[in-house]
Amino acid sequence: MTTTFEAPMMKSAVALALLLAAPALSGQAPRAAAPATLIRNATVLTVTKGTLAGTDVLLQNGKIAQIGKNLTAPAGATTIDGTGKFLMPGIIDPHSHMMSDATNEGSLSVTSMVRIADVLNPTAPNIYRALAGGTTMLNILHGSANTIGGQNAVVKLKWGRTAQEMLVPGAMPGIKFALGENVTRKNSQTVIVQGQPAAPRRYPTTRMGQEVILRDAFTRARDYQAAWADYRARLAKKEAGLIAPRRDLELEPLVEVLEGKRWVHAHSYRADEMLMLLNLADDFGFKIKTLQHGLEGYKIASEIAKHGAGLSTFADSWGYKIEAYDAIPYNVAILMRHGVLTTINSDDDGRARRLNIDAAKMVRYGALTEDEALRIITYNGAAQLGLESRVGSIEVGKEADVVLWNAHPLSVYASPDYTFIDGELFFSKAMDAEQRAARVAERTELEKAEPNQAPSGRGGAGGRGGAGAPPALPSKENR
């Protein structure tokens with residue numbers, strides 16, 4: 001196949017230039033859509049419309065333009081032979097910390113004012129590795145050090161672009177809450193670093209304290225909301241001498257939660273703490289969008305479904321601390337059979353490129369169908385982010401985030417040949433091989449450069465041992 005796609009593996013110098021140019025680029029007009037691509041004769045795993053054998057899919061203007069047989073390639077389109085291969089939607093990871101240069105602002109119990117979008121690193125190498133595993137979208141969350149953490153960022157992994165270009169426009173704003181041991185800091189209290197003072201204790205240190213933190217924060221947010229509502233009402237009546245309430249950056253995101261304009265993604269493990277949070281949300285009249293991890297979710301599946309929350313969990317990662325001991329591999333299946341919108345997440349940059357294997361485990365544990373297993377890493381994740389009308393399945397009109405695999409993606413032998421985002425190629429094995437050879441050649445040239453030679457007199461060209469040789473060690477008698 002010949003292709004005109006720009007190689008996405010950028011060199012370090014290019015990455016630096018992009019970082020420096022980021023503010024200017026953010027003000028530029030959007031990039032032109034990628035050239036059209038026609039994928040022929042693939043097995044198409046639509047996720048929502050079943051499996052289509054021997055089917056063509058046309059990617060054009062950033063969207064899935066056509067699905068059918070014997071489609072005609074537009075002029076200038078690249079054609080890929082999908083015979084024997086499997087096309088599926090890009091994988092969506094609902095819980096990640098990739099790209100975040102800072103994860104926890106844990107100095108306070110409520111840090112709703114901080115934003116992950118402010119600390120995104122678009123040159124993190126794991127972006128490229130995730131693309132090689134078929135992952136195209138992340139929900140990047142604040143850490144779980146405090147009860148109310150910071151605001152999330154939803155990104156598409158457009159390797160080589162600025163952070164601003166990776167943010168998904170129109171994604172529902174979110175915020176991270178956290179319950180349990182990470183908040184009470186039981187683990188960190190035992191860590192002693194030589195030469196460093198012990199970490200100060202911070203309220204709360206118990207689960208009952210966490211509930212009070214939440215009730216206090218939302219009580220203050222409700223008062224703040226009422227103060228602004230009163231001010232705006234009096235302003236509309238043109239009352240004289242009005243003074244606006246003082247802005248509170250901590251409470252504004254919580255008012256958005258109360259008004260359904262920001263979704264809560266809550267780190268939690270035990271059934272009792274999840275129930276506490278669901279009941280508290282009911283008291284204040286808002287919804288928890290997802291319970292993150294939720295390893296004991298199977299114990300309260302009916303209650304989670306009744307509240308309308310989703311749950312994003314691990315396939316089989318548990319036992320690493322006390323609150324994770326009651327996990328079972330059937331958690332996903334039990335939740336799904338109770339009508340809970342359920343996903344598998346990584347919470348780990350390495351696992352983020354193997355989520356297809358985690359999904360396959362759910363066929364073994366709980367007897368999910370292949371479509372159901374694929375949904376928990378694609379469509380369901382899109383729904384937990386409010387993006388199911390745009391991504392998460394292969395349907396005409398949706399954004400062209402698709403992956404062509406060399407085998408069925410639920411097989412341990414499968415790997416992506418091509419990964420597209422908005423119809424643009426950001427990973428292919430062929431380009432990867434070309435880039436590897438180019439990097440070896442570049443390194444060889446750089447090693448010959450004068451700044452990379454050993455200093456003269458210490459083994460350089462004019463010293464003993466020739467270029468690049470280390471200085472000779474002194475004899476044993478002289479050590």
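See the structure above.
Residues numbered from 1 in each chain as written. Predicted model: local features only at pLDDT ≥ 70, side-chain atom pairs only at ≥ 80, totals over all residues. Heavy atoms only, no water.

Novice: How should I be thinking about the overall build of the protein in this particular structure?
Specialist: Helix and strand content of the protein: 13 helices and 17 strands. Out of the 479 residues belonging to the protein, those deemed buried represent 49%. A sequence separation of at least 24 residues applies to 69% of the contacts in the protein between residues at least 6 apart. A total of about 22300 Å² of accessible surface is found on the protein, and carbon and sulfur atoms cover 53% of it. (Helix = DSSP H or I, 4+ residues; strand = E, 2+ residues; numbered from the N terminus. Buried < 20%, exposed > 50% of the residue type's maximum accessible area, 1.4 Å probe, protein only. Contact = heavy atoms within 4.5 Å. Areas by Shrake-Rupley, 256 points an atom, 1.4 Å probe, with all protein chains shown as cover.)

Novice: In this structure, what is going on with the pairing of strand β17 (residues 424–428)? I would like to understand it.
Specialist: Regular strands place side chains that alternate from one sheet face to the opposite one. Judged by how many residues are buried, β17 sits mostly within the fold: four of five residues are covered. Relative to β17, strand β16 (residues 416–421) is paired through four bridges, and the arrangement is antiparallel. Bridge assignment links Phe420 to a residue of β17, and that residue is Leu425. (Pairing = 2+ DSSP bridges.)

Novice: Is there a simple way to think about the pairing of strand β4 (residues 78–81) in this case?
Specialist: By the alternation rule, side chains of β4 split into Thr78 and Ile80, which are all buried, and Thr79 and Asp81, of which none is buried. Bridging between strand β1 (residues 37–45) and β4 involves four bridges; their strand directions are parallel. In the strand pairing of β4, Arg40 is matched with Asp81.

Novice: Would you mind going over the layout of surface pockets with me for this structure?
Specialist: Any space left empty among the atoms is revealed by the rolling of a water-sized probe across them. Looking at the second largest pocket, its volume works out to about 270 Å³. Asn152, Ala153, Leu167, Ala171 and Pro173 are, among the 14 residues lining the second largest pocket, the residues nearest its centre. In terms of residue class, the lining of the second largest pocket is built from nine nonpolar, three polar and two charged. (1 Å grid on protein atoms, 1.4 Å probe; cavity = no way out; pocket = protein on both sides within 12 Å on 5 of 7 lines; lining within 4 Å. Points joined across faces, edges and corners; volume = space filled by probe spheres on them. Nonpolar A, V, L, I, M, F, W, Y, C, P; charged D, E, K, R; others polar.)

Novice: Looking at this structure, I do not really get the packing of aromatic side chains. What am I missing?
Specialist: A ring pair, where both rings are aromatic, is described by two values, the distance of the centres and the angle of the planes. Throughout the structure, instances matching the rule amount to ten aromatic pairs. Measuring from centroid to centroid gives 4.6 Å for Phe218 and Phe286, while their planes differ by 25 degrees, and the two rings are stacked. In this pair, Phe218 sits in helix α5 (residues 207–236) while Phe286 sits in the loop between α7 (271–284) and β12 (288–293), placing the two residues 68 residues apart along the sequence. No difference in accessibility class separates Phe218 from Phe286, as the two residues are buried. Ring centres of Tyr330 and Tyr365 lie 5.8 Å apart, and the angle between their planes is 85 degrees; on these two criteria the pair is classed as edge-to-face. On the criterion of sequence distance, the pair formed by Tyr330 in the loop between β13 (310–313) and α9 (331–337) and Tyr365 in the loop between α10 (355–364) and α11 (370–375) is long-range, its members being 35 residues apart. Using a relative accessible area of 27% as the deciding quantity, one classes Tyr365 as partly exposed. An aromatic cluster is defined as three or more aromatic residues linked by ring pairs; in this entry it consists of Phe177, Phe218, Phe284 and Phe286. Looking at Arg364, its charged tip hangs above the ring of Tyr365, at a distance of 5.0 Å from the centre. (Phe/Tyr/Trp six-rings, centres within 6.5 Å; stacked < 30°, edge-to-face > 60°. Lys NZ or Arg CZ within 6 Å of the ring centre and 35° of its normal.)

Novice: Sorry if this is basic, but what is going on with the side chain of Thr378 here?
Specialist: For Thr378, the location among the structural elements is in the loop between α11 and α12 (379–384). Judged by relative accessible area, Thr378 falls into the buried class, the value being 0%. Separated by 2.6 Å, the side chain of Thr378 and the backbone oxygen of Leu374 make a polar contact. (Polar contact = N/O pair within 3.5 Å; in protein donor to acceptor, adjacent residues only side chain to side chain.)

Novice: Sorry, what's going on with helix α2 (residues 125–132) here?
Specialist: Since there are 3.6 residues in each turn of an α-helix, residues three or four apart along the chain are aligned in direction. The complete set of buried residues in α2 reads Asn126, Ile127, Tyr128, Ala130 and Leu131. Where the residues of α2 are buried, they touch β7 (135–140), α3 (163–166), β16, β17 and α13 (429–448). In the stretch just after α2, Gly134 is the one whose phi turns positive, near 90 degrees.

Novice: Sorry if this is basic, but what is going on with the pattern of salt bridges here?
Specialist: Under the criterion given, the structure shown has 32 salt bridges. Linking Asp401 and Lys156 is a salt bridge whose minimum nitrogen-to-oxygen distance equals 2.9 Å. In this pair, Asp401 is assigned in the loop between α12 and β15 (402–405) and Lys156 in strand β9 (residues 153–156), connecting sequence segments 245 residues apart. Given the relative accessible area of 6%, Asp401 is considered buried. Classification of Lys156 by relative accessible area gives buried; the value is 4%. Several salt bridges converge on common partners, so that one network encompasses Lys156, Lys158, Arg390, Glu399, Asp401 and Asp422. (Salt bridge = Lys/Arg side-chain N within 4 Å of Asp/Glu carboxyl O.)

Novice: I tried to follow the nonpolar core on my own but got confused; where do I start?
Specialist: Soluble globular proteins tend to pack their nonpolar side chains together in the buried interior. Residues Phe177, Leu254, Phe286, Ile288 and Ile304 are the most contacted members of the largest nonpolar core, which totals 38 residues. Contributions of two or more residues to this core are made by β10 (174–178), α5, α6 (252–258), β11 (263–268), α7, β12 and α8 (301–307). In this structure Phe286 touches Phe218, Val257, Leu258, Val264, Leu280, Ala281 and His307, once residues within four positions along its chain are discounted. The next biggest cluster of nonpolar side chains, apart from the first, holds 25 residues, and it includes Ile91, Ala333, Met336 and Ala360. (Core = buried A, V, L, I, M, F, W, Y, C linked by side-chain atoms within 4.5 Å.)

Novice: Help me understand the environment of Gly297, please; the structure alone is not making it clear to me.
Specialist: Mapped onto the fold, Gly297 is located in the loop between β12 and α8. Classification of Gly297 as buried rests on a relative accessible area of 0%. Those residues in contact with Gly297 that lie beyond four places of it in its chain are Met274, Ile304, Leu311, Asn331 and Leu335.

Novice: Would you mind going over the environment of Ala309 with me for this structure?
Specialist: Along the chain, Ala309 turns up in the loop between α8 and β13. Here Ala309 is in contact with Leu278, Ile288, Lys289, Ile304 and Val340, once residues within four sequence places are set aside.

Novice: What is the right way to read a nonpolar patch on the surface from this model?
Specialist: On the surface, Leu108, Met113 and Leu249 cluster together into a nonpolar patch covering about 270 Å² of accessible area. Inspection of the secondary structure puts Met113 in the loop between β6 (91–96) and α2. (Patch = residues over 30% accessible without salt bridge, like charges linked within 9 Å, V, L, I, M, F, W, Y side chains within 5 Å.)

Novice: Even after reading the chapter, I still don't get the sheet that holds β9, so can you show me in this structure?
Specialist: Think of a sheet as strands paired side by side through backbone hydrogen bonds, with each pair either parallel or antiparallel. An order of β6-β7-β9 is seen for the three strands of this open sheet, with the pairing classed as mixed. With partners counted over all chains shown, the strands left at the sheet margins are β6 and β9, one partner each. Strand-to-strand, the axes of this sheet are offset by a mean angle of 20 degrees, without reference to chain direction. In this structure, β7 lies alongside β9, joined through four bridges in antiparallel fashion. When the sheet's bridge partners are listed, Leu138 is paired in β9 with Val155. (Axes fitted to C-alpha atoms, helices over the stretch in contact; angles between N-to-C directions.)

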